[in-house]
Structure formats: C-alpha cells, structure tokens
Amino acid sequence: MTPAGLPDGIAGLRRALARGEVGLADALARQRDALARQDLHCVARMIEPAAAPDARLPLAGVGLAHKDIFHMGGRAPGCGAAAEPARSRQAAGAVRRLESAGAATLAALVMAEHACGATGENPRQPLPRNPIDPAAAVGGSSSGSAVAVAAGLCYGSLGTDTAGSVRIPAATCGLVGLKPTPGRLSRSGVAPLAPTLDTPGLLARSAADAAALFAALAGSARHAPRVPAAGEWRVAVCWSQPAAAGAPADAVLAQLDAFARRACVRPAPTALPLLAEWQRLAHVVLHAEAAAVHARALRGEAEPLGALAAGVALPGAVLPAAWYAQALARRRAHARAFAAALDGCDLLLTPLLPQPAPDWSEVDTRSPGFQPRRLLELFSWTPFVNYLGLPAVAFPVAADPRGRPISVQAVARPGADELLLAFAAAFAASPTFH
Amino acid sequence: MQGEVPATMQAVSELLRLQGIAATPAQCRAAAKALARLAPAADAAAAAAPGETSPAGAAIAAPASTAAAGALSCVPARRGGRP
C-alpha cells in the first residue's frame, strides 16, 4: 500500500476504484494530502487540483507529480533556480497527454539546477532524502521525481534525460526509469538544456506502471518490434569500458552476470570499442548546447547560474565550433555502428551504476568526504545513449548487502521502447524496495 | 596534458572575455581542464568514422573541480578499466 493507503500499482488502484473500494475524489485527496505532508524534500510546489476526471479514463484516479522542468499547473518551470516561475497558459505536451488520459498532476518536484547534475544536489534546496536509505544519495537531475515515486507519493513522474538524468535517479532509488526514443514523447513546454540530447522520460515503481503511463504518453508505435516470448530474448552484454570510473565492482558484476543468465540462455558478450568516443561526443554536444541555452545567464543578463550549471555551460562557450559540428555530423554513422554491434540481438545490457548507490557524503560536492570518482561513476554509462538517439530503460535486478539497488541498463534500437518495457516487466526484480 | 592547462586557461579566459562573460580564475581553470578532456584524441583514428577501429582515448585526469565533477561535464576515458 502507498502512504495514502491505496494499492501500490496503477492496475491495483484502478481495480479498487472500479469495485468501489475507494472513491475517485477520495483517492485523489488522499494522494495529494500524502504528498503535501512529505518530509523527503522532494516537492518544489503543490499544484491546485483540477476538476475530477471522467472515471472511465484509463488513468483516472492516478496521481502524478513531475520534475519542475515542465510547464504545468499554470506556471512555467522553476528548473531548480532562484527565480519565481512565471505564469503559463498551457501545460507541457506530455503533461497534457497524461491529464487527457485522466491522470491528476499533484505537484512540481525538485531537481538539480537547470538539470545540471548527476545527483539532486542543489544549493537552493535541502538534499532530497532517499526513501530506501536516508544516507544514500539520490541521483539527478530528476531527483525529486525519484524520491516521490520511490516513497509511494505518486504513481509515476515525468523527468528529463540529457545525459542520464532519468536513469541515474531511478537507479539510486530502485525504480524503473525509461529514457524513450527521441520524438516518442512531446518536448513542447519543457525547458531545454541541450536540445539535441534532451528527452522527456518517466520514472515508475514497476515496469507495468511505466508501460501504462508510456501508452498514454506515446500511443502506439508505428513500427514496434515484436516482443520475444520467454526464453527467446537475444541479449548482448557489455560490462566493461576503457574508463576506470565505469568498471563495475565485483559484487555488482556478479549480480549483473546472474541477471543476464536469467534473462537469456546465452548472452552474447559484446565489445563497444567506440563507447568512450560516443561519451566524449555526447559531452561536446552537451556543453556546446548548454552554453547556447544559457548564454544570457553567462553574460550576466539573466539570473546567474549556480556552480554546477556554470560548470556545464562555461566549457561550451569556449570549445571549438568544429568539435561540435563534427559531433553532430558523425552522429548518424555512430548510431549505425551501435546497430551493427547489436548484431541481431534484441537489446544490449550494460551496468547503470558500476557501484551500488553511494552515500550522500561521498557525492555532495560541498561535503568534506566528497569523492569526485564516486560522482563520475554515476554517469559513466549513460550519456552515449542520448548522443546516439537510442531508447534505454534502467531497472533494479538485485540489492547490495545494505539493501541498496543494483540496476541494469537495457538499450535498444530506436523505436523499441515497448520492447524495453516488456523486457523490464519480464525480468525486473520484484518491487521489494518500496 | 597538465602542463598545457595554464596556456589553455589563458586562452579560455580571453575567449570568455570576448563574449562578455565574467568568470573567476577557478571557473577558467575548470573550463580549460574540461576542454582538455573533450579534445579529440591525438590518435586520429580514435575520432575516425565507425568501422575504422581504434579505441578512443582522450587523455583524462581526475575531475578538474568539484563544479566540473558535479556537472555531468567529465569524460573519464582513462585506460585501464576491467579487461
């Protein structure tokens, strides 16, 4: 049950509503109340309730809350910055799709400033608390989304993923985090960071909930690949890369190996010799576009950027234009190289976090115990997915001895979002984290 | 690579000034180190089109600063990970 005393999953909630075990208005009021009373530092602002939806809609009664980077509730996004959000006439396209399916938008959730950060650190806000373990860090930048969903305070959350900002927080909080194929979800009404890489995504407690939300958001795929039957999944695995920060710990590697054998009779070991180059090019694009997006702030003509956001934008203001042009020009060829590396497999498995979720004291840049290496590890396996325009899903497959999640990342060809969610539904660890 | 950073830092500082961007020395140093990490590998094949196989390998040091480390801005491509 959730803190609101409602069934944990969307399907269970919908059954309870259909049987009259709980009324629609009561269910929504209880969810809103639970979120408003939370003490996990995950809410940026509550949103005034809208009119009750038609109970027949597929997501009627389902309370959602989203990263404060989307237009919603009559306000522009706050983006974790200091300025008070301006009024806004229309909610973001993705928020409207969910509301059209009956979902209620309960709150805007905290985030790293301007989506710049692998954790939820934001000097303007207290550190968000990880519901699994208060000492554990919460990944970013969609940190409030991960906390609210993991705590059962909403059934799902929209986030954005430019270099891992949906998948990393999902992994630290034991959630399913989907970074869809670019274009599957509307980007209208979403504040940009690096438009070539930015992708709205979603976080949910289970693959079933993620699939229900994704269906409302994206509709049917035009050329969706066939979902293999149990035992027929063809899975490529790549557990290593040249970057030392990406090397999984032995305990993590053992769990990932065991998972791959559960999911596939014969996982195919796959080398990705261009992985480091893809990661480099992702960062070239990220820095260059962030500098363009935040050019006024860099020049002092708008609210100044905090240290982390400036650390992303400033290098982009000085990197050679040729590097950026080359990164864009080579993108399609590199995507073809990835497709070739899949070599007939349905998807590729990689680590998501090479270590279990770190302590806050290790990755909070203001902490005396800050260890830069632990922070680097958080995004050592994610940016290449954005550069290549691929869909990916992160989900938990095991827990470490402290009970913190160990997650895998499944990456597929463009358009195979439903395939990834079906894979997660078939093999994700039961939601014991929540 | 480390020896190149002061020179790069000076260039970074000048480039930022030309754009009307006021940056602290620490920010210029962090940006210079980030540039060093983002540079295409000296080995031309590393940045070649896919199919021309060569592991990429921009030389990477530890994170330049807490800001850079915290900002999704580092590309750790140091060799020597798990085989």
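Here is what the cut-offs are and how they apply
- Residues numbered from 1 in each chain as written.
- Chains lettered and ligands numbered in written order.
- Predicted model: local features only at pLDDT ≥ 70, side-chain atom pairs only at ≥ 80, totals over all residues.
- Heavy atoms only, no water.
- Helix = DSSP H or I, 4+ residues; strand = E, 2+ residues; numbered from the N terminus.
- Buried < 20%, exposed > 50% of the residue type's maximum accessible area, 1.4 Å probe, protein only.
- Contact = heavy atoms within 4.5 Å.
- Areas by Shrake-Rupley, 256 points an atom, 1.4 Å probe, with all protein chains shown as cover.
- Pairing = 2+ DSSP bridges.
- Right-handed = clockwise from strand over helix to strand, strands pointing away.
- pLDDT = per-residue confidence, 0-100.
- Phe/Tyr/Trp six-rings, centres within 6.5 Å; stacked < 30°, edge-to-face > 60°.
- Axes fitted to C-alpha atoms, helices over the stretch in contact; angles between N-to-C directions.
- Core = buried A, V, L, I, M, F, W, Y, C linked by side-chain atoms within 4.5 Å.
- Salt bridge = Lys/Arg side-chain N within 4 Å of Asp/Glu carboxyl O.

A. Just the overall build of chain B, in detail. On a plain count of helices and strands, chain B comes out with three helices and zero strands. Ordered by position from the N terminus, the helices and strands of chain B form the series α-α-α. Sorting the 83 residues of chain B into buried and exposed places 42% on the buried side. Of the contacts made within chain B by residues no fewer than 6 positions apart, 35% connect residues no fewer than 24 positions apart. Of the roughly 4000 Å² of accessible surface on chain B, 60% is carried by carbon and sulfur atoms.

B. The arrangement of the pairing of strand 3 (residues 104-109) of chain A in detail. All names here are of chain A. Summarising burial for strand 3: six of the six residues are buried, a large majority. With three bridges joining them, strand 1 (residues 43-46) and strand 3 adopt antiparallel strand pairing. Residue pairing for strand 3: Met 46 is matched across the bridge by Ala 107. The pairing of strand 2 (residues 63-67) with strand 3 spans five bridges and is classified as parallel. Each residue of the ladder has a partner; that of His 66, found in strand 3, is Ala 108. Handedness of the strand 2-helix 3 (residues 93-100)-strand 3 crossover: right-handed.

C. Structural view of the confidence of the model for chain B. Residues and elements named next belong to chain B. Per-residue confidence for chain B gives a mean pLDDT of 59; residues scoring 70 or more make up 43%. When pLDDT is averaged over each element of chain B, helix 2 (residues 25-38) comes out on top at 92 and helix 3 (residues 66-70) at the bottom at 38. Note on residues 43-83: pLDDT is under 50 here. Beyond four places in sequence and across chains, it has 117 contacts. At the level of chain-chain contacts, confidence expressed as ipTM amounts to 0.84, with global pTM at 0.90.

D. The packing of aromatic side chains, seen in detail. Residues and elements named next belong to chain A. Taken as a whole, this structure holds nine aromatic pairs over all chains when the rule is applied. Relative to Phe 423, the ring of Phe 259 has its centre 6.1 Å away and its plane inclined at 85°; by these criteria the two rings are edge-to-face. Residue Phe 259 is found in helix 7 (residues 250-263), and its partner Phe 423 is found in helix 16 (residues 417-427); the two are separated by 164 residues along the sequence. Each member of the pair, Phe 259 together with Phe 423, is buried. Cluster of aromatic residues (ring-pair linked, three or more members): Trp 233, Phe 259, Phe 395, Phe 423 and Phe 427.

E. Up close: the sheet that holds strand 3 of chain A. All names here are of chain A. Taken in spatial order, the three strands of this open sheet run 1-3-2, and their pairing is mixed. The sheet is open, and its two edges are formed by strand 1 and strand 2, each paired on a single side. For this sheet the average axis-to-axis angle between neighbouring strands, irrespective of direction, equals 35°. Packing of helix 2 (residues 24-36) onto the sheet brings it into contact with strand 1, strand 2 and strand 3, and relative to strand 3 it is tilted by some 5°.

F. The arrangement of the nonpolar core in detail. Residues and elements named next belong to chain A. In terms of nonpolar packing, the biggest core is built from 164 residues, with Trp 278, Leu 349, Phe 395 and Phe 423 touching the most fellow members. With 10 residues, helix 8 (residues 275-293) is the largest single contributor of residues to this core. Excluding anything up to four places from it in sequence, Trp 278 contacts Leu 272, His 334, Ala 337, Phe 338, Phe 384, Tyr 387 and Leu 388.

G. Examining the pattern of salt bridges more closely. Residues and elements named next belong to chain A. The full count for this structure, using the stated rule, is 26 salt bridges over all chains. With a closest N to O distance of 3.4 Å, Arg 124 and Glu 303 form a salt bridge. In this pair, Arg 124 sits in the loop between strand 3 and helix 4 (143-150) while Glu 303 sits in the loop between helix 9 (295-298) and helix 10 (307-318), placing the two residues 179 residues apart along the sequence.

H. Examining the environment of B:Gln27 more closely. Take B:Gln27: it is sitting in helix 2. Among the residues examined, B:Gln27 registers a relative accessible area of 28% and is labelled partly exposed. Distance in space between the C-alpha atoms of B:Gln27 and B:Val12 is 9.7 Å, their sequence separation being 15 residues. With sequence-adjacent residues up to four places away left out, B:Gln27 is seen in contact with A:Ala310, A:Leu314 and B:Ala22.

I. The sheet that holds strand 11 (residues 405-411) of chain A, seen in detail. Residues and elements named next belong to chain A. Judged by pairing direction, the sheet is mixed, and its eight strands sit side by side in the order 4-6-5-10-11-9-7-8 without closing on themselves. On the outer flanks of this sheet lie strand 4 (157-161) and strand 8 (268-269), each paired with one strand and no other. In the packing of helix 6 (residues 207-218) onto the sheet, contacts are made with strand 4, strand 5 (176-179) and strand 6 (199-204), and the angle to strand 6 comes to roughly 145°. With respect to the sheet, helix 16 is in contact with strand 5, strand 7 (235-237), strand 9 (347-351), strand 10 (392-399) and strand 11, its orientation differing from that of strand 10 by roughly 10°.

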